[in-house]
Amino acid sequence: YYLISVIKSHEGNTEDYYKLKDLLIANLHHFDKKEGKDLLDLVIGYCIGLANKSMPEFGGEALAWYKLGLKNDIIIRDEHISPTTFRNIVLYALRQGEYDWAEIFIEDYAQFLDPTVRESNVNFSLARVEGYKKNWKKLIQLLAYTEYTEVFQALLSRTLLLIAYYELNEQESLDSLFSSFKLYLDREKTYTKQRKEQYYNLIKFTRVLSKINAKDKTKLYKIIKDVESTDTVVNKDWILEKINEKINS
């Protein structure tokens, strides 16, 4: 607990993190499941925080802790796994390139999701797998007819569909999604204007890019400059990648 307080108060303190890692792995069996899960949650949260900032290698650390928790039967509590934990485990497995492991996890642990959210979270997680594999048609099949009650999932689902339609050059479906996506954002009341802005920018830049002919280098260089100078854009790296593909085609 002392080491946890140290690393949380000094972000990026990897030396003490690795001391904590060795200590916790060696002694995790001494804690009951509830306290063991609380400890894992703290360490995983620390790793995810670093992974989302300047140290992406800590995504692998987060996955290793998740796997340890599953192996020691700590993640599952009262025959239940939270949707957030379920989705995070899949996400960090995919970021580490462990696609097959992610699919096996989804199949084996879907039973521990609450029945009311099981189908949506399984479909969403499988769609993420297909997205990493670039199986865009399968992704669309999984997401196109799935309803999401969580705003976070609804937004990410639409983002994945936008990417898939663009990659498949399905312009009509893409245009329809631009309109419905924007309408959803307009009507959404729980997100602030600032949080919505990053999705509005995703729609705006993807719409412009989808209409630009690859031969029109002037417009392509203009949009790449606009994207690079805009701080709040969901999937900014993907948009820049697609612009550069057109420039170099």
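Residues numbered from 1 in each chain as written. Predicted model: local features only at pLDDT ≥ 70, side-chain atom pairs only at ≥ 80, totals over all residues. Heavy atoms only, no water.

Draft legend 1. How the structure looks around the overall build of the protein. Counting secondary structure elements, the protein contains 13 helices and zero strands. Reading the helices (α) and strands (β) of the protein from amino to carboxyl end gives α-α-α-α-α-α-α-α-α-α-α-α-α. Once the C-alpha set of the protein is aligned to its principal axes, its extents read approximately 65 × 40 × 35 Å. Counting only residues that meet the buried cut, the protein has 47% of its 249 residues in that class. Taking all contacts inside the protein whose residues are at least 6 apart in sequence as the whole, residues at least 24 apart take part in 60%. Of the roughly 13800 Å² that the protein leaves accessible, carbon and sulfur atoms contribute 50%. Across the protein, the centroid of the 36 positively charged side chains sits 7 Å from that of the 37 negatively charged ones. (Helix = DSSP H or I, 4+ residues; strand = E, 2+ residues; numbered from the N terminus. Buried < 20%, exposed > 50% of the residue type's maximum accessible area, 1.4 Å probe, protein only. Contact = heavy atoms within 4.5 Å. Areas by Shrake-Rupley, 256 points an atom, 1.4 Å probe, with all protein chains shown as cover. Lys, Arg positive; Asp, Glu negative; His and termini not counted. Charge placed at Lys NZ, Arg CZ, Asp CG, Glu CD.)

Draft legend 2. Molecular detail of helix α9 (residues 151–167). Between its terminal C-alpha atoms α9 stretches 24 Å, which fits the 24 Å expected from 17 residues at 1.5 Å a residue. Of all 17 residues in α9, 14 are buried; the element is thus mostly enclosed. Just downstream of α9, Asn169 is the residue with a positive phi angle, here 55°. (Expected span 1.5 Å × (residues − 1).)

Draft legend 3. Summary view of the confidence of the model for the protein. On average, residues of the protein score 94 in pLDDT, and 100% of them reach the 70 mark or higher. Of all secondary-structure elements in the protein, the lowest mean pLDDT belongs to helix α1 (residues 2–9), at 88, while helix α6 (residues 99–109) reaches the highest, 98. (pLDDT = per-residue confidence, 0-100.)

Draft legend 4. Focus on the packing of aromatic side chains. For the coordinates displayed, the defined rule picks out 13 aromatic pairs. Measuring from ring centre to ring centre gives 6.2 Å for Phe181 and Tyr199, while their planes differ by 50°; the resulting arrangement is tilted. A residue pair is termed long-range when its members are at least 10 positions apart, and Phe181 in helix α10 (residues 171–187) and Tyr199 in helix α11 (residues 193–211) qualify at 18 residues. Tyr199 gets classed as buried once you look at its relative accessible area, which sits at 7%. Lying over the aromatic face of Tyr92, Arg95 brings its terminal NZ or CZ to 5.2 Å of the ring centre. (Phe/Tyr/Trp six-rings, centres within 6.5 Å; stacked < 30°, edge-to-face > 60°. Lys NZ or Arg CZ within 6 Å of the ring centre and 35° of its normal.)

Draft legend 5. View of unusual backbone geometry. Not every positive phi belongs to a glycine, and Glu79 is a case in point at roughly 60°. The topology assignment puts Glu79 in the loop between α4 (58–71) and α5 (83–95). Owing to a relative accessible area of 61%, Glu79 belongs among the exposed residues under this scheme. Phi at Asn235 takes a positive value of approximately 55°, unusual for a residue other than glycine. Structurally, Asn235 can be placed in the loop between α12 (217–228) and α13 (236–247).

Draft legend 6. Representation of the pattern of salt bridges in the model. Taken as a whole and judged by the stated rule, the model has 16 salt bridges. Close ionic contact of Glu167 with Lys242 constitutes a salt bridge, the shortest N to O distance being 3.0 Å. Residue Glu167 is found in helix α9, and its partner Lys242 is found in helix α13; the two are separated by 75 residues along the sequence. Since its relative accessible area comes to 26%, Glu167 is described here as partly exposed. Judged by relative accessible area, which is 5%, Lys242 ranks as buried. Within this structure, Glu167, Glu241, Lys242 and Glu245 form a network of salt bridges that share partners. (Salt bridge = Lys/Arg side-chain N within 4 Å of Asp/Glu carboxyl O.)

Draft legend 7. Broad picture of a nonpolar patch on the surface. On the surface, a nonpolar cluster with roughly 280 Å² of combined accessible area is contributed by Tyr1, Phe31 and Leu42. Along the chain, the position of Leu42 falls in helix α3 (residues 33–51). We classify Leu42 as partly exposed; its relative accessible area is 32%. (Patch = residues over 30% accessible without salt bridge, like charges linked within 9 Å, V, L, I, M, F, W, Y side chains within 5 Å.)

Draft legend 8. Structural context of α4. For α4, spanning 14 residues, the distance from its first C-alpha to its last is 20 Å, which sits close to the expected 20 Å at 1.5 Å a residue. Among the residues of α4, those classed as buried are Phe58, Gly59, Glu61, Ala62, Leu63, Trp65, Tyr66, Leu68, Gly69 and Leu70. Taken together, the buried residues of α4 touch α2 (14–27), α3, α5 and α6.

Draft legend 9. Looking closely at the side chain of Lys246. Residue placement: Lys246 occurs in helix α13. One buried charged residue, Lys246, remains without a salt bridge, the closest side chain of opposite sign being Glu245 at 9.3 Å. A distance of 2.7 Å separates a polar atom in the side chain of Lys246 from the backbone oxygen of Leu209. (Polar contact = N/O pair within 3.5 Å; in protein donor to acceptor, adjacent residues only side chain to side chain.)

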